Amino acid sequence: MRLVLLGPPGAGKGTQAQRLTTRHGIVQLSTGDMLRAAVAAATPVGLKAKDIMARGELVPDEVVVAIVADRIDQPDCAKGFVLDGFPRTPGQAEALGAMLTEKGLKLDGVVELVVDHSALVKRIETRVAEMTARGEAVRADDNPEALAKRLDAYKAQTAPLSEHYRKTGLLKEVDGMQTIDQVTESIDRVLGVAA
Ligand SMILES: Nc1ncnc2c1ncn2[C@@H]1O[C@H](COP(=O)(O)OP(=O)(O)O)[C@@H](O)[C@H]1O
């Protein structure tokens, strides 16, 4: 199964992607996690991405596309994957389409977690408070200024992808305001798969 998870920051993509991996034996490809790993390891990509990410802006398409292209060639992706945080721009969606066509693969679905934007700020504040309480490091972009930018970037560059995938018949919308378990059930339902 090859899936894309769409949804704004704080929509719960990471949580649901994780659940999809354990339930369906596919791998989670989170460009956010891959980029944060590159920043932590101070690789050339990490050095390029660090400040852009901390500001809440988008890393250039060619950087992210190259990372994903390398990753989906790895053997563990053969059984399928769920892309979390990619594609995020029309250019990335086009690059993904080309990449898959070239490999003779296709997407099975694009699941959009539909959430109330006013709830997102609260969710991210809660995530920060919980991580701080556990003594974990908080993400550099989990602050009000960067979050506002991430939401703006989503609205301007990522939200148009819903329309694109609706036209191709791949889009499946799920109410992301339900409980975590209910969202998981709804995803299984729209995909027509049982856990
Ligand atoms: N596909 C992508 N294209 C460009 N930048 C990306 C992409 N994925 C992640 N990033 C960078 O990493 C940051 C964090 O991404 P992510 O972990 O998916 O966070 P969230 O969905 O919570 O905003 C983004 O704000 C952006 O700077």
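In this text the structure is predicted, and so the values were computed from the model without any measurement.

## Some points on the sheet that holds strand β2 (residues 27–30)
- Pairing is parallel in the open sheet, where 5 strands are placed in the order β2-β3-β1-β4-β5. This sheet does not close on itself; its edge strands, each paired only once, are β2 and β5 (171–175). For this sheet, the mean angle separating the axes of adjacent strands, direction not counted, is 25 degrees.
- Its contacts with the sheet place helix α1 (residues 13–24) against β1 (2–6), β2, β3 (81–84) and β4 (109–114), and it is angled at close to 175 degrees to β3.

## A few points about the side chain of R150
- By the secondary structure assignment, R150 is in helix α7 (residues 144–158).
- Judged by its relative accessible area of 11%, R150 is buried.

## Re the UniProt feature "binding site: AMP" (unreviewed entry) in the protein chain
- When the UniProt feature table is mapped onto this chain, "binding site: AMP" (unreviewed entry) is found at T31, R36, E57, L58, V59, G85, F86, P87, R88, Q92, R139 and R150. An extended arrangement is adopted by the annotated residues: their sequence extent is 120 residues, and the largest C-alpha distance between any two is 24.0 Å.
- Those residues within four positions of T31 in sequence are excluded, and the remaining contacts are V64, V68, D84, G85, F86 and R88.
- Those residues in contact with R150, other than ones at most four positions away along the chain, are P9, G56, I124, R127, R139, D141 and D142.
- Reaching out from R150, the side chain makes a polar contact with the backbone oxygen of D141 at a distance of 2.6 Å.

## Some thoughts on the site of the ligand
- The immediate surroundings of the ligand are formed by 19 residues, with T31, R36, E57, Q92 and R150 found nearest.
- One of the backbone N or O atoms of V59 is found 3.1 Å from a nitrogen atom in the ligand.
- Q92 places a side-chain nitrogen or oxygen 2.8 Å from a nitrogen atom of the ligand.
- Relative to its free-state accessible area of 560 Å², the ligand is covered by the protein chains to the extent of 96%.
- The element best represented in the shell around the ligand is helix α2 (residues 31–40), accounting for 4 residues.

Reading guide: rules and limits
Residue positions within a chain follow its written sequence, with the count starting from 1. With the structure being a predicted model, the display of local features is reserved for residues of pLDDT at least 70 and the display and counting of side-chain atom pairs for 80 or more, all residues being used for whole-chain, interface and lining totals. To obtain the side-chain values, all non-hydrogen atoms of the structure were used and water was disregarded. By definition, two strands form a pair when at least two bridges between them are found by DSSP. Think of it this way: any DSSP run of H or I at least four residues long counts as a helix, any run of E at least two long counts as a strand, and we number them from the N terminus. Convention adopted: a line fitted to C-alpha atoms gives each axis, helices being fitted over their contacting stretch, and angles between N-to-C directions are expressed from 0 to 180 degrees. Residue contacts are defined here by distance: any two heavy atoms, one from each residue, within 4.5 Å place the two residues in contact. Categorising residues by exposure relies on relative accessible area from a 1.4 Å probe, with only protein chains included: less than 20% of the type maximum marks a residue as buried, more than 50% marks it as exposed, and the intermediate range marks it as partly exposed. UniProt positions are given in the numbering used here, feature names are shortened, and annotations may be inferred rather than shown by experiment. Two N or O atoms count as a polar contact when they lie within 3.5 Å, although within protein this holds only if one can serve as hydrogen donor and the other as acceptor, and sequence-adjacent residues are included solely when both atoms are side-chain atoms. Distances are taken per atom, and a residue is near a molecule or strand as soon as one of its heavy atoms is within 4 Å of it. Per-residue and other accessible areas follow the Shrake-Rupley method at a 1.4 Å probe size, with only the shown protein chains counted as cover for residues.

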